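Examination of the molecular architecture
Each chain, written out:
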Amino acid sequence: MIIRKGPEEIERIACAGGLVAATIAHVGDHIHPGITTGELDTIAGAFIAEHGGTSASKGYHGTYPAEICISPNAMVVHGIPGPYRVADGDLLTIDVGVVLDGAIADSAYTFGVGAIDAEARRLLDTCQEALAAGISQARPGNRIGDISSAVQTVVEGAGFSVVRSLVGHGVGRHYHEDPHVPNFGQPGRGPKLSEGMTIAIEPMITVGSPDVYLHDDHWSISTEDGSLAAHFEHTVAITAAGPRILTPRVGSAV
């Protein structure tokens, strides 16, 4: 069931989204070669708590052990922070969900660490362009397929692959709600978008094959061929005036 929200609830989701965006930027300011992803997770958790929020990820499904997800290089999503030491040239995805005043927002950003090569930079740029293209279609009267098709067109037009087994989703009262928001599809298909819907649009793309596998930790998901991945995400409200990004970038996440 798709949950549509009123103006007051959307404002609360926007407040949660502001904290999500600030957390991503705060973590980004601490990324440097040699720091561990576990240390970055501790930084994120402290920042969220200091600002009155709680992690939407920790304890999710009763098992996720960390405050945020951190996924390096070929890891697409749901990386569990730990002893991995960040290195120059890495791609590092910071994925944050926050609960604030009962509302939930979700966003992700892939950082390039230090000097990254030209193909990695093109991957990041393409993923951000795909996210922007998808958001541009998040308007009343359009359908989910319009978002999906816009993302796919940008990604595949640049010669990269869309991960098809992972999708965006509704968000706001719960971390994951209906509808699913795939990153591939045909325009004019799927649920109709209407005012009050709040969705997480999140292209997850790879340099090589779109195929992925689940690690033994039952959370982390990486590309099967070891190719680099990128993941950018915003929580977006469907409004009469068009798409409203509820997790706008701040600080180092631009």
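Here, the structure is the one placed above.
Structure report, in brief. It should be emphasised that the depicted structure is a prediction, and the values quoted were computed from it without experimental measurement. (Residues numbered from 1 in each chain as written. Predicted model: local features only at pLDDT ≥ 70, side-chain atom pairs only at ≥ 80, totals over all residues. Heavy atoms only, no water.)

1. Quick look at the packing of helix H3 (residues 118-136) against helix H4 (residues 144-157)
Rules: Helix axes are fitted only over the stretch in contact, all axes being lines through C-alpha atoms; the angle between N-to-C directions runs from 0 to 180 degrees. Secondary structure counts use DSSP, requiring at least four H or I residues in a row for a helix and at least two E residues in a row for a strand, with both numbered from the N terminus. For classification, angles of less than 35 degrees are called roughly parallel, those exceeding 145 degrees roughly antiparallel, those between 65 and 115 degrees roughly perpendicular, and all remaining angles oblique. In this scheme the handedness of a crossing depends on how the near helix is turned from the far one: anticlockwise by less than a right angle means left-handed, clockwise means right-handed. Here a residue-residue contact requires only that any non-hydrogen atoms of the pair lie within 4.5 Å.
Between H3 and H4, the shortest axis-to-axis distance is 8 Å and the interhelical angle comes to 155 degrees. The orientation of H3 with respect to H4, classified from their angle, is roughly antiparallel. Crossing handedness for the pair H3 and H4: right-handed. Touching Thr126, Glu129, Ala130, Ala133 and Gly134 of H3 are Ile147, Ala150, Val151, Val154 and Val155, all from H4.

2. Looking at the nonpolar core
Put simply, the rule reads: For this analysis, a nonpolar core means a set of buried residues of the types Ala, Val, Leu, Ile, Met, Phe, Trp, Tyr and Cys, connected via side-chain atoms within 4.5 Å. Burial status follows relative accessibility: with a 1.4 Å probe on protein chains alone, a residue under 20% of its type maximum counts as buried, one over 50% as exposed, and anything between as partly exposed.
Core analysis: the largest hydrophobic core is formed by 56 residues, its most contacted members being Ile31, Leu40, Leu92, Ile94, Val96 and Ile201. Going through the elements one at a time, helix H1 (7-30), helix H2 (37-50), strand S4 (91-100), strand S5 (103-112), H3, H4, strand S9 (198-201) and strand S14 (234-239) are the ones with two or more residues in this core. The greatest single-element share of this core, amounting to 8 residues, is contributed by H1. With near-sequence residues (within four places) excluded, leucine 92 lies in contact with Ile31, Thr37, Leu40, Ile70, Ser71, Pro72, Val86, Tyr109, Thr110, Phe111 and Val113.

3. Thoughts on the side chain of histidine 234
In plain terms, the rule: Two N or O atoms count as a polar contact when they lie within 3.5 Å, although within protein this holds only if one can serve as hydrogen donor and the other as acceptor, and sequence-adjacent residues are included solely when both atoms are side-chain atoms.
Position of histidine 234 relative to the elements: it lies in strand S14. Exposure remark for histidine 234: the relative accessible area of 7% places this residue in the buried category. Among the polar contacts listed, one links the side chain of histidine 234 to the side chain of threonine 247, at a separation of 2.7 Å. If we skip the residues at most four places from it in the chain, histidine 234 touches Asp106, Ser107, Leu131, Ile135, Ile199, Ala200, Ile201, Ile245, Thr247, Pro248 and Arg249.

4. What about the sheet that holds strand S11 (residues 212-214)?
Here is the rule we go by: When DSSP finds two or more bridges between two strands, those strands count as paired.
Read across the open sheet, the 3 strands follow the order S3-S12-S11; overall the sheet is antiparallel. Only two strands of the sheet have a single neighbouring strand rather than two, namely strand S3 (75-77) and S11. Adjacent strand axes in the sheet meet at a mean angle of 40 degrees, parallel and antiparallel pairs treated alike.

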